[in-house]
Amino acid sequence: MTSRVPQLRLSASALKCKQGCGFYGNSQFEGLCSKCFRERNDKKKKQNLLSSSTAFRIDPNLPKTSDGSVNSSLVAGRLSPKNLLNRSPSKKQDEATSSSGTSNKKKSLVPYSAIIQKTLQSTTQKTRKHKNEEQQTVIQDKPHIPDATEKQFILQFKQLRVPDDGKRVLKDEVQRLDGTIRSYMNSNANKNVEELSELVQNAYTKFADTVHNNQIFQIATNEDRESAIDFFEKAVMTQNHKFLFSPYFTTDEEKDAEIQRRIRQLSWITAKHLACSIDEVNAESRDLVYNANWFKATQYCRYHGMHLASISSQEENDRLEKHIQDFGLGHEHFWISGTDLADEGNFFWMATGRPITFTNWNAGEPNNFRYENGEEENCLELWNRDGKGLKWNDSPCSFETYFVCEVQPN
């Protein structure tokens, strides 16, 4: 019989970037790492610029046919400024020119470039006006709806036990720092993480001093003032997470990837080192991850391609006990797959369906003790009841404790 070291149920692949680059993803970047997220956005911007540069607009002043559509013969000649500059005068224009007198020749012709410029300016102004009207209509028709995070912060803000004037100061400072961070990110100056970190830290220190020294906050308790400071920090950090923790101007991820590649080349880390296990010394961690009733324990083992352990010999029993002792958990209870739920008093291994032949019961067990709620003992566990090692005991199947999974031989 073999057994596995208990591990977290969440695989490392679930945390990786959806693009498959090997970096860890971020829920705020739609499951992508900051590098792939940035590259995807840059690609979209380039596509938008390309589409806008090749797009053209038809002059609304062009003559139209009887059905209201633009005359295609005129469109072909007037869409492009290049066509305007290259086209030659028509025959009628030649005749008019030849028949005109000297005075007409002295008249200065309006340059084509001036006509084009006026046409483009008029079209641009109308387009901008139309876009502004559309944007205003969208804003009026679709008011901003806060997402779940915003709603949570709004609720926490209302629950702060500080004066209303203090809340106004808090709100103004959050907005001010938010604007400062975004202005810094949108500026053309050279950026670095240290400078951005110092900017945020100075604002945080300044606000903390305000809360502790400004008369507005003096009527609040120390605990309430600390709550206001915590809210300030959480609001700013959450709203600007992508700027503060994954800024686009750093190469930290590339450097980290290079270090990882170098470590793998040196064989410092193998697959077994990457397994994520729980600190079994910490009782709270163990109880959170590994405790289950007999049915859930069975389900967990089966989900992971294993079964609750079955013991068919003294050798297997001793080997399993040593394994548990090595983890420092010899004083705990452990489910194994034995049960007599189908036929009281006749235990069999649920993992194999076979009757139990080898036994290692504690003295007086199994006794099928009946509890006040009417539940009886129908599931088998390992328990060092008398200090004589891990022996068998029947117990209520709803009891939540540790369990042992094993891989069944083919």
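Residues numbered from 1 in each chain as written. Predicted model: local features only at pLDDT ≥ 70, side-chain atom pairs only at ≥ 80, totals over all residues. Heavy atoms only, no water.

Caption draft 1: Representation of the packing of aromatic side chains. For the coordinates displayed, the defined rule picks out 13 aromatic pairs. Taking 5.8 Å as the distance between ring centres and 85 degrees as the angle between the ring planes, the aromatic pair formed by Phe-358 and Trp-392 counts as edge-to-face. Of the two residues, Phe-358 sits in the loop between strand 4 (348-349) and strand 5 (379-383) while Trp-392 sits in strand 6 (residues 391-395), which places them 34 residues apart along the sequence. Every member of this aromatic cluster is reached through a ring pair, and the members are Phe-347, Trp-349, Phe-358, Trp-361 and Trp-392. (Phe/Tyr/Trp six-rings, centres within 6.5 Å; stacked < 30°, edge-to-face > 60°. Helix = DSSP H or I, 4+ residues; strand = E, 2+ residues; numbered from the N terminus.)

Caption draft 2: Fine view of helix 14 (residues 294-303). Every buried residue of helix 14 is listed here: Trp-294, Ala-297, Tyr-300 and Cys-301. Down the axis of helix 14, the buried side of the element spans an arc of 120 degrees, and every buried residue falls inside it. Away from its buried face, by an angle of more than 90 degrees, helix 14 presents the exposed residues Gln-299 and Tyr-303. Of the surrounding elements, those touching the buried residues of helix 14 are strand 2 (307-308), strand 3 (334-339), strand 5, strand 7 (402-403) and strand 8 (405-407). With a side-chain oxygen lying 3.0 Å from the backbone nitrogen of Phe-295, the N-terminal cap of helix 14 falls on Asn-293. Once helix 14 ends, the next one or two residues include Gly-305, with phi positive near 75 degrees. (Buried < 20%, exposed > 50% of the residue type's maximum accessible area, 1.4 Å probe, protein only. Arc of directions from axis to C-beta. Contact = heavy atoms within 4.5 Å. Polar contact = N/O pair within 3.5 Å; in protein donor to acceptor, adjacent residues only side chain to side chain.)

Caption draft 3: Here's a closer look at the state of the cysteines. Counting across every chain of the model gives 2 disulfides. Each sulfur in the disulfide pair Cys-301 and Cys-405 lies 1.9 Å from the other. Torsion about the S-S bond of the Cys-301 and Cys-405 cystine: about -75 degrees, corresponding to left-handed handedness. Taken together, the residues Cys-301 in helix 14 and Cys-405 in strand 8 connect sequence positions 104 residues apart. For the pair shown, Cys-301 and Cys-405 are each scored as buried. (Disulfide = S-S within 2.5 Å.)

Caption draft 4: Region of the structure containing the packing of helix 8 (residues 164-186) against helix 9 (residues 193-213). Contact geometry for helix 8 and helix 9: axes closest at 11 Å, N-to-C directions at 170 degrees. The orientation of helix 8 with respect to helix 9, classified from their angle, is roughly antiparallel. Along its contact with helix 8, which presents Val-169, Leu-170, Glu-173, Leu-177, Thr-180, Ile-181, Tyr-184 and Met-185, the element helix 9 presents Glu-195, Leu-196, Leu-199, Val-200, Ala-203, Phe-207 and Thr-210. Residues of the contact of helix 8 with helix 9, tallied by class, amount to 11 nonpolar, 2 polar and 2 charged. (Axes fitted to C-alpha atoms, helices over the stretch in contact; angles between N-to-C directions. Parallel < 35°, antiparallel > 145°, perpendicular 65-115°, else oblique. Nonpolar A, V, L, I, M, F, W, Y, C, P; charged D, E, K, R; others polar.)

Caption draft 5: Structural view of helix 10 (residues 222-239). The end-to-end C-alpha distance of helix 10, which contains 18 residues, comes to 26 Å, matching closely the 26 Å that a straight helix rising 1.5 Å per residue would cover. Within helix 10, the full set of buried residues consists of Asp-224, Arg-225, Ala-228, Ile-229, Phe-231, Phe-232, Ala-235 and Val-236. Buried residues along helix 10 cover an arc of 150 degrees about the axis, so they all sit on one side. When the buried face of helix 10 is taken as reference, the exposed residues oriented beyond 90 degrees from it are Asn-222 and Glu-223. Those residues of helix 10 hidden inside the fold are in contact with helix 7 (148-159), helix 8, helix 9 and helix 11 (241-244). (Expected span 1.5 Å × (residues − 1).)

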